[in-house]
Amino acid sequence: MVLMFLSVCVSDINELNLPKTCEIVFPDQDDLLNFKLIISPDEGFYKGGKFVFSFKVGQGYPHDPPKVKCETMVYHPNIDLEGNVCLNILREDWKPVLTINSIIYGLQYLFLEPNPEDPLNKEAAEVLQTNRRLFEQNVQRSLRGGYVGATYFERCLK
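Values in this document were obtained by computation on a predicted structure and should not be read as measured data. (Residues numbered from 1 in each chain as written. Predicted model: local features only at pLDDT ≥ 70, side-chain atom pairs only at ≥ 80, totals over all residues. Heavy atoms only, no water.)

**A few points about helix α3 (residues 122-130)**
And then number 1: Considered for burial, the residues of α3 that qualify are Ala124, Ala125, Val127 and Leu128. Taken end-on, α3 shows its buried residues confined to a sector of 165 degrees, consistent with a single buried face. The exposed set on the far side of α3, more than 90 degrees from its buried face, consists of Lys122, Glu126 and Thr130.
And then number 2: Buried-residue contacts for α3 involve α4 (132-144).
And then number 3: The opening residue of α3 is asparagine 121, an N-cap whose side-chain oxygen sits 3.3 Å from the backbone nitrogen of glutamate 123. (Buried < 20%, exposed > 50% of the residue type's maximum accessible area, 1.4 Å probe, protein only. Helix = DSSP H or I, 4+ residues; strand = E, 2+ residues; numbered from the N terminus. Arc of directions from axis to C-beta. Contact = heavy atoms within 4.5 Å. Polar contact = N/O pair within 3.5 Å; in protein donor to acceptor, adjacent residues only side chain to side chain.)

**With respect to the state of the cysteines**
And then number 1: Within the structure shown, the criterion is met by 0 disulfides.
And then number 2: Note on cysteine 22: no disulfide assigned, nearest cysteine sulfur contributed by cysteine 70 at a separation of 12 Å.
And then number 3: The closest cysteine sulfur to the non-disulfide-bonded cysteine 70 is located on cysteine 156, 8.6 Å from its own sulfur. (Disulfide = S-S within 2.5 Å.)

**Overview of helix α2 (residues 100-112)**
And then number 1: With 13 residues, α2 should cover 18 Å at 1.5 Å per step; its first-to-last C-alpha distance of 19 Å lies within 8% of that length.
And then number 2: Those residues of α2 that sit buried are Ile100, Asn101, Ile103, Ile104, Gly106, Leu107, Gln108, Leu110 and Phe111. (Expected span 1.5 Å × (residues − 1).)

**Some thoughts on the packing of aromatic side chains**
And then number 1: In this structure the tally under the stated criterion is 11 aromatic pairs.
And then number 2: Ring centres of tyrosine 75 and phenylalanine 153 lie 6.3 Å apart, and the angle between their planes is 85 degrees; this geometry places the pair in the edge-to-face category. Of the two residues, tyrosine 75 sits in the loop between β4 (67-70) and α2 while phenylalanine 153 sits in strand β6 (residues 151-153), which places them 78 residues apart along the sequence.
And then number 3: Grouped by ring-pair contacts, the aromatic residues Phe45, Tyr75, Phe135 and Phe153 constitute a single cluster. (Phe/Tyr/Trp six-rings, centres within 6.5 Å; stacked < 30°, edge-to-face > 60°.)

If you want it as structure tokens, here you go:
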């Protein structure tokens, strides 16, 4: 069972077809089940930013999705200030036919098209829905490093 799980996981990682805006880093080369994804959007509100996600692949994979956290504090409707990510395939829409690649493309899409209809950061979602220009200004302020309201964001521009 463990060998089959490792085989599926290694196969998924070996078959990754990363977009040019994404990079995978293995902090421990002997541990393929814990890795970092770096997304550097080249368009949209988050263009020029650099966002790090941690992936923890559990023994239930591919029947259970990996645990994914955003390590970069970001002003985003679908990512809360603790790094939790609201992506349907990480929750109720996960299916064993989905892969790590599916998650990577889903995360990348969140930076291209933030979804205010399914928010974790309700304040950011409300601003996106009611004042797109202010939302863009808040994103830029957070990327450069600074306060949005009472929350301080560290610089995360490339």
